[in-house]
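Summary of structural features
Each chain, written out:
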Amino acid sequence: MFRFAVALCALVAVSSALRYDRNDLWSAYKTTHGKLYSGQREVLRREIWESNLDYIQRHNVEADRGMHTYWMGENQFTDLTNSEFRAMMNGYQMSNRTSSVQFVSTLTDTPDAVDWRDKGYVTKVKNQERCGSCWAFSTTGSLEGQTFKKTGKLPSLSEQNLVDCSKKEGNKGCKGGLMDKAFEYVIKNNGIDTEDSYPYTGHDGLSCKFKKADVGATETSFVDVKRGSEEALAQAVAEIGPISVAMDAGHESFQHYRTGIYKEPRCSSIKLDHGVLAVGYGADGGSNYWIVKNSWGTMWGDQGYFKLAKDDHNMCGLATQASYPVV
């Protein structure tokens, strides 16, 4: 009985010391990410943060031992449960294909590696904030790239324009949408405004504030890439430029991703919930990967980007519903 009491006291002491050691970490986390809590709300958020921190640390120990191909880290989502994270950030809505045109490659050989960031096709990483507007950022990303390809000038285009104004095409603003429907809006509207003229707010606007005088890009049509074909997607990325894609991004492992080649055995190749932008692909030590731009700011992932396993059974469905605009 005495030994049990001593062991219990030692366990309590270790637990208290660990919690004390994390006080500074918690304060630093709140400062870094601008988190303001008080009372019971702070208690709850800290408990969630500590649980996620334990999860991250366990994973990284295993990754250091070669058990995983990627590492995790703290970010602005570490004080959220996974269900909260999914509800807040993943606004892609699956739909039937909407383009009557399908991509056909003219390449005889697909390059071993491509990175359109090096060629000036990609704007800086943006942040959709607490709004399910990922679809709008994926749309502007591919349209920005194709506009640069045609004109030699890289515009930063307005996601807020799409959030506020493309509801007639079937999009739902911060509650979700689809890139093809956003492309349809740009065609019907004869353009999309620039970021500077129609800045992002992270909320649904009360009205559409599009101004024809502020158009930063136009398009004539859009093209879908063969469903589920990583070969076709690689050809499209190599030949066309950055491609709008969607994925299953709802897992804890992706919520806390930091660096490396992301693989998630629970990922679906069919049930997609997040729109992103494929900007290239490459290989590292025999492992192929996609280079993907996210819209969660630079504090998430590898400065806002992530690598996703390529040629691995369409990991997370990246090749399931890809498309791009024709400028």
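Residues numbered from 1 in each chain as written. Predicted model: local features only at pLDDT ≥ 70, side-chain atom pairs only at ≥ 80, totals over all residues. Heavy atoms only, no water.

1. Some details on the overall build of the protein chain
Broken down by element type, the protein chain carries eight helices and eleven strands. Taken over C-alpha atoms, the radius of gyration comes to 22 Å for the protein chain, in line with the 20 Å a tight globule of 327 residues would show. Dimensions of the protein chain, computed from the C-alpha atoms along their principal axes, are close to 80 × 50 × 35 Å. Here the protein chain, with 327 residues, has 54% of them falling under the buried criterion. Considering only intrachain contacts with a sequence separation of at least 6, the fraction spanning at least 24 residues in the protein chain is 76%. (Helix = DSSP H or I, 4+ residues; strand = E, 2+ residues; numbered from the N terminus. Rg over C-alpha atoms; globule rule 2.2 N^0.38 Å. Buried < 20%, exposed > 50% of the residue type's maximum accessible area, 1.4 Å probe, protein only. Contact = heavy atoms within 4.5 Å.)

2. Let's talk about the packing of aromatic side chains
Applying the stated criterion across every chain yields a total of 24 aromatic pairs. Look at F77 and W296: their rings are 5.4 Å apart centre to centre, the planes differ by 80 degrees, and that puts the pair in the edge-to-face class. Placement of the pair is F77 in the loop between β1 (70-72) and α3 (82-89) and W296 in the loop between β9 (287-293) and β10 (305-309), with a sequence separation of 219 residues. Plain terms: the ring middles of W300 and F306 are 5.8 Å apart, the flat faces sit at 85 degrees to each other, and that makes the pair edge-to-face. Here W300 matches F306 in class, with each residue buried. Lying over the aromatic face of Y305, R117 brings its terminal NZ or CZ to 4.5 Å of the ring centre. (Phe/Tyr/Trp six-rings, centres within 6.5 Å; stacked < 30°, edge-to-face > 60°. Lys NZ or Arg CZ within 6 Å of the ring centre and 35° of its normal.)

3. Topic: the UniProt feature "domain: Peptidase C1A papain C-terminal" (unreviewed entry) in the protein chain
In this numbering, the UniProt entry assigns the feature "domain: Peptidase C1A papain C-terminal" (unreviewed entry) to residues 110-326. Segment residues 110-326 splits into 23% helix and 23% strand. End C-alpha atoms: 21 Å apart. (UniProt positions renumbered as here; feature names shortened; annotations may be inferred.)

4. Some details on empty space enclosed by the protein
For the structure shown, the criterion picks out two cavities of 30 Å³ or more. In this model, the largest cavity occupies a volume close to 110 Å³. As for the largest cavity, its lining consists of 15 residues, and the residues nearest its centre are F137, S138, K293, N294 and S295. Of all the secondary-structure elements, those providing two or more residues to the lining of the largest cavity are α4 (134-151) and β8 (274-284). In terms of residues, the lining of the largest cavity owes the most to one element, α4, which gives six residues. Split by residue class, the lining of the largest cavity holds four nonpolar, seven polar and four charged. (1 Å grid on protein atoms, 1.4 Å probe; cavity = no way out; pocket = protein on both sides within 12 Å on 5 of 7 lines; lining within 4 Å. Points joined across faces, edges and corners; volume = space filled by probe spheres on them. Nonpolar A, V, L, I, M, F, W, Y, C, P; charged D, E, K, R; others polar.)

5. Some remarks on the pattern of salt bridges
Scanning all chains against the criterion turns up 14 salt bridges. Here E42 and K30 are joined by a salt bridge, their closest N and O atoms 2.5 Å apart. Remark: K30 occurs in helix α1 (residues 2-33) and E42 occurs in helix α2 (residues 39-64); sequence separation between them is twelve residues. One network of salt bridges, with partners in common, ties together R22, R46, E50 and D54. (Salt bridge = Lys/Arg side-chain N within 4 Å of Asp/Glu carboxyl O.)

6. What about the state of the cysteines?
Under the counting rule described, the total for this entry stands at three disulfides. Between the sulfur atoms of C131 and its disulfide partner C174 the distance amounts to 2.0 Å. In this structure, the disulfide formed by C131 and C174 twists by about -95 degrees around the S-S bond and is classed as left-handed. Of this pair, C131 sits in the loop between β2 (114-115) and α4 while C174 sits in the loop between α5 (159-165) and α6 (179-189); the two residues are 43 residues apart in sequence, bridging distant segments of the chain. (Disulfide = S-S within 2.5 Å.)

7. Notes on the confidence of the model for the protein chain
Summary statistics for the protein chain give a mean pLDDT of 93 and a share of 93% for residues scoring 70 or more. Confidence drops under pLDDT 50 across residues 1-17; counting only partners more than four residues distant or on other chains, this segment forms zero contacts. (pLDDT = per-residue confidence, 0-100.)

8. As for helix α7 (residues 230-239)
With eight of ten residues buried, α7 is to be regarded as a mostly interior element. Those residues of α7 lying buried are E230, A232, L233, A234, Q235, A236, V237 and A238. Packing partners of the buried residues in α7 comprise β2, β6 (243-247), β8, β9 and β10. In the stretch just after α7, G241 is the one whose phi turns positive, near 135 degrees.

9. Considering the packing of α4 against α6
In helix packing, the relevant descriptors are the interaxial angle and the interaxial distance, both defined with respect to the helix axes. At a minimum axis distance of 9 Å, the contact between α4 and α6 shows a crossing angle of 60 degrees. Classified by the angle their axes make, α4 and α6 are oblique. α4 and α6 meet at a crossing whose hand is right-handed. Taken together, the residues of α6 that come into contact with α4 (itself represented by W135, S138, T139, S142 and L143) are M179, A182, F183 and V186. Within the contact of α4 with α6, the residues separate by chemical class into six nonpolar, three polar and no charged. (Axes fitted to C-alpha atoms, helices over the stretch in contact; angles between N-to-C directions. Parallel < 35°, antiparallel > 145°, perpendicular 65-115°, else oblique. Left-handed = near helix turned anticlockwise from the far one by under 90°.)

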